[in-house]
Structure formats: structure tokens, C-alpha cells
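Here is what each chain is made of, one letter per residue.
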Amino acid sequence: MTVNLEVAEGVGTIRLDRPPMNALDVATQDRLKELAEEATRREDVRAVVIYGGEKVFAAGADIKEMQNMDHTGMILRARALQDSFTAVARIPKPVVAAVTGYALGGGCELALCADFRICADDAKLGQPEILLGLIPGAGGTQRLARLIGPSKAKDLIFTGRMVKADEALTLGLVDRVVPAGEVYSATHTWAAKLAQGPALALRAAKESIDTGLETDIETGLAVERNWFAGLFATEDRERGMRSFVEEGPGKAKFL
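Analysis parameters
Residues numbered from 1 in each chain as written. Predicted model: local features only at pLDDT ≥ 70, side-chain atom pairs only at ≥ 80, totals over all residues. Heavy atoms only, no water. Helix = DSSP H or I, 4+ residues; strand = E, 2+ residues; numbered from the N terminus. Buried < 20%, exposed > 50% of the residue type's maximum accessible area, 1.4 Å probe, protein only. Phe/Tyr/Trp six-rings, centres within 6.5 Å; stacked < 30°, edge-to-face > 60°. Pairing = 2+ DSSP bridges. Axes fitted to C-alpha atoms, helices over the stretch in contact; angles between N-to-C directions. Arc of directions from axis to C-beta. Contact = heavy atoms within 4.5 Å. Expected span 1.5 Å × (residues − 1).

A. Molecular detail of unusual backbone geometry. Going from Pro-19 to Pro-20, the amide bond is cis rather than trans, its omega being 0 degrees. By secondary structure assignment, the location of Pro-20 is in the loop between β2 (11–16) and α1 (26–41). The phi angle at Glu-9 is positive, at roughly 55 degrees, despite the residue not being glycine. By secondary structure assignment, the location of Glu-9 is in the loop between β1 (3–8) and β2. Since its relative accessible area comes to 60%, Glu-9 is described here as exposed.

In C-alpha cells form, the structure reads like this:
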């Protein structure tokens, strides 16, 4: 399989495994969607890490495969391509990307689907599609602009240039930079901590933020209001408040 799912400590690691560069061909895209949906369903998965291995996250689409597609073929495929990435973005649990080596084109777009990105100090990221006479097609024009702002996104997309880890951090493209050998352990540790949290409240927070970014503030506030009130019906809310009153803040156990 070109993508695998392994679970430990409540964290599901979706691992790209298509050497040497984890090129995202059609089979890999479809498998990614399948495993994202599995991670969504599984109760033993409470947080997710997206990882490409020690050497590379994903260097982009499989250009040789794409070269053989004509206009009609890509019309038929483009929606499935986006859907595979959207399945990752829509996982209703915390998702963290562990970025090593290159995250270019579709690889960068996959990292953008995560809630948080931890990056190797020698990693390089970018959207080089313009150099092929194309634009990003797996959500890059939308997610990148929402994450770092339209002007900075246009700079990266118009030029197709790669950015090193330090610039990616300054731009807000990644959230934390660590030594290359520590990327996966740091990412898994952070995800495992989130996996100990209240699952429904985390889901509510993620959906409220993401929906709010995609719509007007009144709609976003309505989503927040409904989730906020609904959480008062959960055992986690009862446990959290009881622990706060009896033991002080930050001591509640949600598993």
C-alpha cells in the first residue's frame, strides 16, 4: 500500500509510503481518502499525524502520470483529487503534519489540510505548479491564502519558489521548526497530548473555527453557539467542571 494507518496512544499516523519521493499518484490519492475516512470513524483514533517518513513528506503529484492526462481526463479526475485532500481536512479530530524534506505542490497542499504543522529545520515547502504552466489543484489556492493571507500566497503561487523552514515559519506556513531527526517524535508527542483531551469539545472547536473561516461571522457564531450549548449534554463537560471545582484547573481526565 502507498499509504498506511498505524495507531498508538490514541494517535493514528497516516504514513505516505511511495519511495523515493512520495509522489501523489491517483492510487495514493484514493488510498489517502480511504484512510482519512477510516481515521474519522475509528473511536481509538483521537488525533492524527500525517507523515511521509524521515526523508521526504511529499514532493508533489506524479508528473509522469499527469502528463498522460488530457483535458477530459483531468475534468473527470480533478474533483476526486480535491476530495481526497478534503477528506483529510475534514477529519473531525486534531490533525498534525510532520513535515520532513520536501513538501511541494500536492505535498504542500496536504500539509495545509492539517490543523498544525511541525517542520524539519532542513525542510523546503512550496507550490511550484506555475512552473508547469498550471496552478495548485488540490486546494492550494484556497487553503494557502486562508492560512497566510492572499498577498503572501500569491507570492508563492505566482513565482513557484520554494521556501526554507525559517521563512515558512515567518510566513505562518508552518507552526514549529525542530531538528530533522525529531520531527515525528515531536509531532506524535503533541498529537498524543491532544488525544487525551475531550473528543467532542475538540471536534466542536475545530468545526466552529473551520466553518467560521468559510462563512460570515453570524453563521460562524451560530455554529459556535450551538456547539457550546450542546456540549453541556456531554459526560466530558460534567467531568471537566467537576474536576475544576474539586481539584483545580487542568487536572481533568477525559479517557
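B. Quick peek at the packing of aromatic side chains. For the structure on display, the rule yields three aromatic pairs. On the basis of an interplanar angle of 15 degrees and a centroid distance of 4.2 Å, the ring pair of Phe-116 and Trp-190 is categorised as stacked. In this pair, Phe-116 sits in strand β6 (residues 116–120) while Trp-190 sits in helix α8 (residues 183–195), placing the two residues 74 residues apart along the sequence. Exposure remark for Trp-190: the relative accessible area of 29% places this residue in the partly exposed category. Ring geometry for Phe-228 and Phe-232: centres 5.5 Å apart, planes at 75 degrees, overall edge-to-face. Overall, the relative accessible area of 40% leaves Phe-232 in the partly exposed class.

C. Quick peek at the sheet that holds strand β7 (residues 124–126). Judged by pairing direction, the sheet is mixed, and its three strands sit side by side in the order β5-β7-β8 without closing on themselves. This sheet does not close on itself; its edge strands, each paired only once, are β5 (102–104) and β8 (162–164). On average, each strand axis in the sheet is inclined to that of its neighbour by 20 degrees, with strand direction left out of account. Sheet topology note: the β5/β7 ladder contains three bridges and is parallel. Bridged to Leu-104 within β7 is Gly-126.

D. Quick peek at the sheet that holds strand β9 (residues 176–178). Strand order in this open sheet of six strands is β1-β2-β3-β4-β6-β9, and the pairing throughout is mixed. One side of each edge strand has no neighbouring strand; the edge strands of this open sheet are β1 and β9. On average, each strand axis in the sheet is tilted by 20 degrees relative to the strand beside it, whichever way the strands run. Where β1 lies against β2, six bridges are found, and the strand directions are antiparallel. Residue pairing across strands places Leu-5 opposite Ile-14, the latter belonging to β2.

E. Representation of helix α6 (residues 150–159). Listed as buried for α6 are Ala-153, Leu-156 and Ile-157. Seen along its axis, α6 keeps its buried residues to an arc of 90 degrees; they face one direction. Within α6, the exposed residues directed more than 90 degrees away from the buried face are Ser-151 and Phe-158. Where α6 is buried, its residues touch α5 (140–148), β8 and α7 (165–171). Backbone geometry just downstream of α6 places Gly-160 in the positive-phi region, at approximately 70 degrees.

F. Structural context of α1. If you check α1, its first and last C-alpha atoms are 23 Å apart, about what 16 residues at 1.5 Å a residue would give, namely 22 Å. Within the sequence span of α1, burial applies to Thr-28, Gln-29, Arg-31, Leu-32, Leu-35, Ala-36 and Ala-39. Along the long axis of α1, the arc covered by the buried residues comes to 165 degrees, so they all point the same way. Residues of α1 that are buried in the fold lie against β1, β2, β3 (47–51), α3 (71–89) and α4 (106–112).

G. Highlighting the side chain of Ser-243. Relative to the assigned elements, Ser-243 resides in helix α11 (residues 235–247). On the basis of relative accessible area, Ser-243 is assigned to the buried category, the value being 5%. In contact with Ser-243, other than residues within four places in its own chain, are Gly-248, Lys-251 and Ala-252.

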